[in-house]
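Structure assessment
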Amino acid sequence: MPVYSLNGEVVDQIELSQAIFALPFNESVVHQAMVRQLANGRQGTASTKTRGEVGGSTRKLYPQKHTGRARRGDIKSPLLRGGGIVFGPKPRTYRQSMPKKMRRLALKCLLSAKVREGNIRLVRELDFEGPKTKDMINVLSSLGIDSSTLILTAQSTPNVVKSATNLPEVKVLPAALVNVLDLLSYEMLVATVPAIRNIEQIWSK
């Protein structure tokens, strides 16, 4: 793979691990990993009260017979405004489990797809003297990128993160935190060479 400078010039060539960047796409595994990540991000704190939990009197509103009206129980009936909720949500967990090998395979499939489709750019280093959105725009423009972009760095780089904050379609992550949902959400992948080596070290096990 060619390695670019921040000016968009090819300055080096590196080899990528075939065990991570040359796998066929497994749609079912990737879909399961995506659903799992979305489900595990849900709080599950939605809660409603049944007629037994709503505050109010249990007195029968009016006599059962001789009023010419429908039969009516207490004011907590689900049929009345302010009454209980029938089959409403209760706090629950949405967590899903998935074997570690399948989670790793899903990530490798997406990284391989980025390489296969030509949607990855490698840079030697990426850091700025200070946080400046214009610097980030210039780097992406030099690399020929005009779509949503996920940027991976070896470690946390505050200046790079802040430089991308005002760009709605750009996200910066340390390589160790790369995940299925972000790889699916962003079309282009920009990574530093140390970040790629970190990925190979972590995910080739």
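Look a little higher up for the structure.
Once a new chain begins, its residue numbering starts again from 1 and follows that chain's sequence as written. Local features in a predicted model are, by the rule used here, given only for residues with pLDDT of at least 70; side-chain atom pairs are given and counted only at 80 or more, and totals for whole chains, interfaces and linings are based on all residues. The basis for every side-chain value is the complete set of heavy atoms in the structure, and neither hydrogens nor water enter the calculation.

Turning our eyes to something else, we now look at the nonpolar core. Ranked by size, the top nonpolar core spans 31 residues in total, and within it L111, L122, L152, L183 and I199 carry the most contacts. Sorting the residues of this core by element identifies helix 1 (18–21), helix 2 (27–40), helix 3 (100–116), strand 3 (120–123), strand 4 (149–153), helix 6 (180–185), strand 6 (188–192) and helix 7 (193–203) as the ones contributing at least two each. When near neighbours in sequence (up to four residues on either side) are disregarded, L122 contacts M1, P2, V3, Y4, I14, L16, A191 and I196. Grouped together as the second largest cluster of nonpolar side chains are 17 residues, M136, V160, V170 and V172 included. Only buried residues count toward a nonpolar core. Its members are Ala, Val, Leu, Ile, Met, Phe, Trp, Tyr and Cys residues joined through side-chain atoms within 4.5 Å. Buried means the residue's accessible area, taken with a 1.4 Å probe over protein chains only, is under 20% of the maximum for its type, while exposed means over 50%, and partly exposed covers the values in between. By definition, any uninterrupted DSSP run of H or I lasting at least four residues is a helix, any uninterrupted run of E lasting at least two residues is a strand, and each is numbered from the N terminus. Pairs of residues are marked as contacts when any of their non-hydrogen atoms sit within 4.5 Å.

Looking now at the packing of aromatic side chains. Pairing of aromatic side chains here covers Phe, Tyr and the six-membered ring of Trp, requires ring centres within 6.5 Å, and sorts the geometry by plane angle: under 30 degrees stacked, over 60 edge-to-face, intermediate tilted. Here the structure, examined in full by the defined rule, presents zero aromatic pairs. Across the ring face of Y94, the terminal group of R42 is positioned such that the distance to the ring centre comes to 3.7 Å. A ring has a charge above it when a Lys NZ or an Arg CZ is no more than 6 Å from the ring centre and no more than 35 degrees off the ring normal. The side chain of R92 reaches across the aromatic face of Y94, ending 4.0 Å from its centre.

A word on the packing of helix 2 against helix 3. Put simply, helix 2 and helix 3 touch, their axes get as near as 9 Å, and they point 110 degrees apart. In this view, helix 2 runs roughly perpendicular relative to helix 3, as classed from their interaxial angle. Residues V29, V30, Q32, A33 and R36 of helix 2 pack against M102, R103, L105, A106, C109 and L110 of helix 3. Residues of the contact of helix 2 with helix 3, tallied by class, amount to eight nonpolar, one polar and two charged. Note on geometry: axes are lines fitted to C-alpha atoms, helical ones only across the stretch in contact, with angles between N-to-C directions running from 0 to 180 degrees. Just so you know how the angles are binned, under 35 degrees is roughly parallel, over 145 roughly antiparallel, 65 to 115 roughly perpendicular, and the rest oblique. Three classes are used, and their members are as follows: Ala, Val, Leu, Ile, Met, Phe, Trp, Tyr, Cys and Pro are nonpolar, Asp, Glu, Lys and Arg are charged, and the others, Gly among them, are polar.

Before going further, it helps to examine the pairing of strand 4. For strand 4, a buried count of five out of five residues is recorded, marking the element as mostly surrounded by other parts of the structure. When DSSP finds at least two bridges between two strands, those strands are taken to pair. Pairing between strand 4 and strand 5 (residues 170–174): five bridges, direction parallel. Bridge pairing in strand 5 places T153 opposite P174. Pairing between strand 4 and strand 6: four bridges, direction parallel. Note on strand 6: the bridge partner recorded for L152 is A191.

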